[in-house]
Amino acid sequence: QVQLVEAGGGLVQTGGSLRLSCVASGSISSINAMGWYRQAPGKQRDLVATITTGGNTNYADSVKGRFSISSDNAKKTVYLQMRSLEPEDTAVYYCNAFVPTVPGMGVRYWGQGTQVTVSS
């Protein structure tokens, strides 16, 4: 089992910045990737950014150049630095950890979510 706790959400004006953090605990040695997803009201949960334990990153097109994901493997913490925020970034942001089980499959763990609101 993996537990994830997010922090850092809040209210910010358009053009502002926020930094989210997520700390993993439990069976952390089995995690091979962590990331952030977001869900706006009435919409599906979408990928924002992911990072593997090897440092490979992936971003949604909508956040490329504005958001940056990083991690501290020793602390099993993942960060999401968000800049140039737009009202469209308003959503609940969820931390995610992926634990592989068999080749090509695995289990996803989720945090409780943190609200990010960008005012216009």
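Further up the page is the structure itself.
Analysis parameters
Residues numbered from 1 in each chain as written. Predicted model: local features only at pLDDT ≥ 70, side-chain atom pairs only at ≥ 80, totals over all residues. Heavy atoms only, no water. Helix = DSSP H or I, 4+ residues; strand = E, 2+ residues; numbered from the N terminus. Rg over C-alpha atoms; globule rule 2.2 N^0.38 Å. Buried < 20%, exposed > 50% of the residue type's maximum accessible area, 1.4 Å probe, protein only. Contact = heavy atoms within 4.5 Å. Areas by Shrake-Rupley, 256 points an atom, 1.4 Å probe, with all protein chains shown as cover. Lys, Arg positive; Asp, Glu negative; His and termini not counted. Charge placed at Lys NZ, Arg CZ, Asp CG, Glu CD. Salt bridge = Lys/Arg side-chain N within 4 Å of Asp/Glu carboxyl O. Pairing = 2+ DSSP bridges. Axes fitted to C-alpha atoms, helices over the stretch in contact; angles between N-to-C directions. Core = buried A, V, L, I, M, F, W, Y, C linked by side-chain atoms within 4.5 Å.

Student: So what about the overall build of the protein chain? Which residues, and what values?
Tutor: The helix and strand inventory of the protein chain stands at zero helices and 11 strands. Counting helices and strands in the order they occur from the N terminus, the protein chain gives β-β-β-β-β-β-β-β-β-β-β. Against the 2.2 N^0.38 benchmark of 14 Å for 120 residues, the protein chain shows a C-alpha radius of gyration of 14 Å, consistent with a compact globule. With the principal axes as the frame, the protein chain shows a C-alpha extent of 45 × 30 × 25 Å. Taking all 120 residues of the protein chain together, 41% fall into the buried category. By sequence separation, contacts in the protein chain at least 24 residues apart represent 54% of the contacts at least 6 residues apart. Accessible area of the protein chain: about 6300 Å², with a carbon and sulfur share of 50%. Taken together, the 10 basic and 7 acidic charged side chains of the protein chain have centroids lying 6 Å from each other.

Student: Just give me the short version of the pattern of salt bridges, but keep the residues and values in it.
Tutor: Enumeration according to the criterion identifies three salt bridges in this entry. Across the pair aspartate 61 and lysine 64 runs a salt bridge, and its minimum N-O distance is 3.1 Å. Judged by relative accessible area, which is 65%, aspartate 61 ranks as exposed. Residue arginine 66 is joined to aspartate 89 by a salt bridge in which the shortest nitrogen-to-oxygen separation is 2.8 Å. In this pair, arginine 66 sits in the loop between strand 6 (57-59) and strand 7 (67-72) while aspartate 89 sits in the loop between strand 8 (77-82) and strand 9 (91-102), placing the two residues 23 residues apart along the sequence. For the residue pair arginine 66 and aspartate 89, the accessibility class agrees, reading buried in each case. Salt bridges sharing partners connect three or more residues here, namely Arg38, Arg66 and Asp89.

Student: Account for the pairing of strand 5 (residues 46-52), naming residues and giving values.
Tutor: Pairing of strand 4 (residues 33-39) with strand 5, which is carried by six bridges, proceeds in the antiparallel orientation. From the neighbouring strand, alanine 33 faces strand 5, where its bridge partner is threonine 52. Between strand 4 and strand 5, which pair antiparallel and follow one another directly, the connecting turn spans six residues, one of which, glycine 42, has a positive phi of 75 degrees. Here strand 5 folds back onto strand 6 in antiparallel fashion, the turn holding four residues, of which glycine 55 has a positive phi close to 95 degrees.

Student: An account of the sheet that holds strand 3 (residues 18-26) is needed here, citing residue identities and associated values.
Tutor: In spatial order, the strands read 1-3-8-7; together these four strands make up an open sheet with antiparallel pairing. With partners counted over all chains shown, the strands left at the sheet margins are strand 1 (2-7) and strand 7, one partner each. The average angle at which neighbouring strand axes cross in this sheet is 15 degrees, direction not considered. Sheet topology places strand 1 next to strand 3; six bridges connect them, and they run antiparallel. Considered in strand 3, the bridge of glutamate 6 is made with cysteine 22.

Student: Hey, could you go over the nonpolar core for me, with residue numbers and the actual values?
Tutor: One broad trend across soluble globular proteins is that nonpolar side chains are buried collectively. Leu4, Met34, Trp36, Leu80, Met82 and Tyr93 are the most contacted members of the largest nonpolar core, which has 30 residues in total. Sorting elements by how many residues they give to this core places strand 9 first, with five residues. Look past the residues within four positions of tyrosine 93 in its chain and what remains in contact with it is Glu6, Leu20, Trp36, Tyr37, Arg38, Val48, Phe67, Leu80, Met82, Gly113, Thr114 and Val116.

Bear in mind that shape data such as this cannot, by itself, settle questions of function.
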